[in-house]
Amino acid sequence: MAKIKLAPGPFIFPMPLVLIGTAQDGRANFMPAAFVGITNFKPPVVVCGLDSKHLTAQLIEKQGEFSINLPPPEWVIVTDHCGLVSGHKVDKSGLFQTFTGELAHAPMIEGCRLAAECRLIRTVPQGVDTAYLAEIVAVHADEEVLVDGQPDWTKINPMLFTFPKPAYWRLGEYIAPAWQVGKTYQK
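Values in this document were obtained by computation on a predicted structure and should not be read as measured data. Positions within a chain are numbered from 1, following the residues in the order the chain's sequence is written. This being a predicted model, a pLDDT of at least 70 is required before a residue's local features are given, and a value of 80 or more before pairs of side-chain atoms are given or counted; all residues contribute to the totals for chains, interfaces and linings. Think of the side-chain values as coming from all heavy atoms in the structure, minus any hydrogens and water.

Chemist: Hey, could you run me through the pattern of salt bridges in this one?
Modeler: Think of it this way: side chains of opposite charge can pair up when their charged atoms draw near. Salt bridges are defined as contacts in which a side-chain nitrogen from Lys or Arg sits within 4 Å of a carboxyl oxygen from Asp or Glu. Going through the model one piece at a time under the given rule, you end up with three salt bridges. Here Arg113 and Glu74 are joined by a salt bridge, their closest N and O atoms 3.1 Å apart. Of this pair, Arg113 sits in the loop between β8 (108-109) and β9 (114-125) while Glu74 sits in the loop between β6 (65-69) and α2 (76-84), placing them 39 residues apart in sequence. Three labels apply to residues, based on accessible area from a 1.4 Å probe with only protein chains included: buried if under 20% of the type maximum, exposed if over 50%, partly exposed otherwise in between. The exposure class assigned to Arg113 is buried, which follows from its relative accessible area of 18%. Take Glu74: its relative accessible area is 53%, and that puts it in the exposed class. Here a helix means four or more residues in a row that DSSP labels H or I, a strand means two or more in a row labelled E, and each is numbered from the N terminus.

Chemist: Sorry, what's going on with the side chain of Asn29 here?
Modeler: Take Asn29: it is sitting in strand β3 (residues 27-33). Among the residues examined, Asn29 registers a relative accessible area of 5% and is labelled buried. Filtering out sequence-adjacent residues up to four positions away, Asn29 remains in contact with Ile20, Gly21, Thr22, Leu55, Thr56, Gly87 and Lys92. For this analysis, residues touch if any pair of their heavy atoms sits within 4.5 Å.

Chemist: I'm lost on the environment of Ile38 in this one. Help?
Modeler: Within the secondary structure, Ile38 is located in strand β4 (residues 36-40). For the pair formed by Ile38 and Ala134, sequence separation is 96 residues and the distance between their alpha carbons is 9.6 Å. Contact partners of Ile38, with chain neighbours within four places excluded, come to Val45, Val46 and Ile136.

Chemist: Quick question: what am I supposed to make of the sheet that holds β6 here?
Modeler: Sheets are built from strands that pair by backbone hydrogen bonding, the pairs being arranged parallel or antiparallel. Between any two strands, pairing holds if DSSP finds at least two bridges. Taking strand neighbours across the sheet as the criterion, the seven strands line up as β3-β2-β6-β9-β10-β5-β4 in an open arrangement whose pairing is antiparallel. Each edge of the sheet is formed by a strand with only one pairing partner; in this case those strands are β3 and β4. Adjacent strand axes in the sheet meet at a mean angle of 35°, parallel and antiparallel pairs treated alike. Pairing of β9 with strand β10 (residues 130-141) involves 11 bridges; the strand directions are antiparallel. Bridge pairing in β10 places Cys118 opposite Ile136. Helix axes are fitted to C-alpha atoms over the stretch in contact, other axes to C-alpha atoms as well, and angles between N-to-C directions run from 0 to 180 degrees.

Printed below as a string of structure tokens:
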């Protein structure tokens, strides 16, 4: 089969869709992000590519902490909504029930089946985005998504994100069009 050369782009594989959690003055803020990946095993290090203009990125740089929350597919509308409104203009603290672990500025979401607390190691400007490398200091999972003490991804059922046509998926199943479905969010 013939190969067709494409312009470089972020479509090697669907990416995990997460809600990045930060806090300011005791108020939680969340932003969806898909440019997220593991870069090291021991210690576990994650990288998140975020535009430094976002409040979330600014709080990560200021406080050196954040959380990664895996929202369930049922939350596609509120998750997309979080990306359509800016934390600079809209208080998103009431959208989710939160809890904290070891890190004071890394609020996690109760309804997410798996969440991780992360401590910033370094920032690396990459052009439009900045890469935030962070050590995962703790992971919190609902007991019912564990099998033999380990996460079962079919039970966690994380959302995925794809390019070049922005869309949300669940382990191969289409969920909703990205950057659009959140427009139907009603509080």
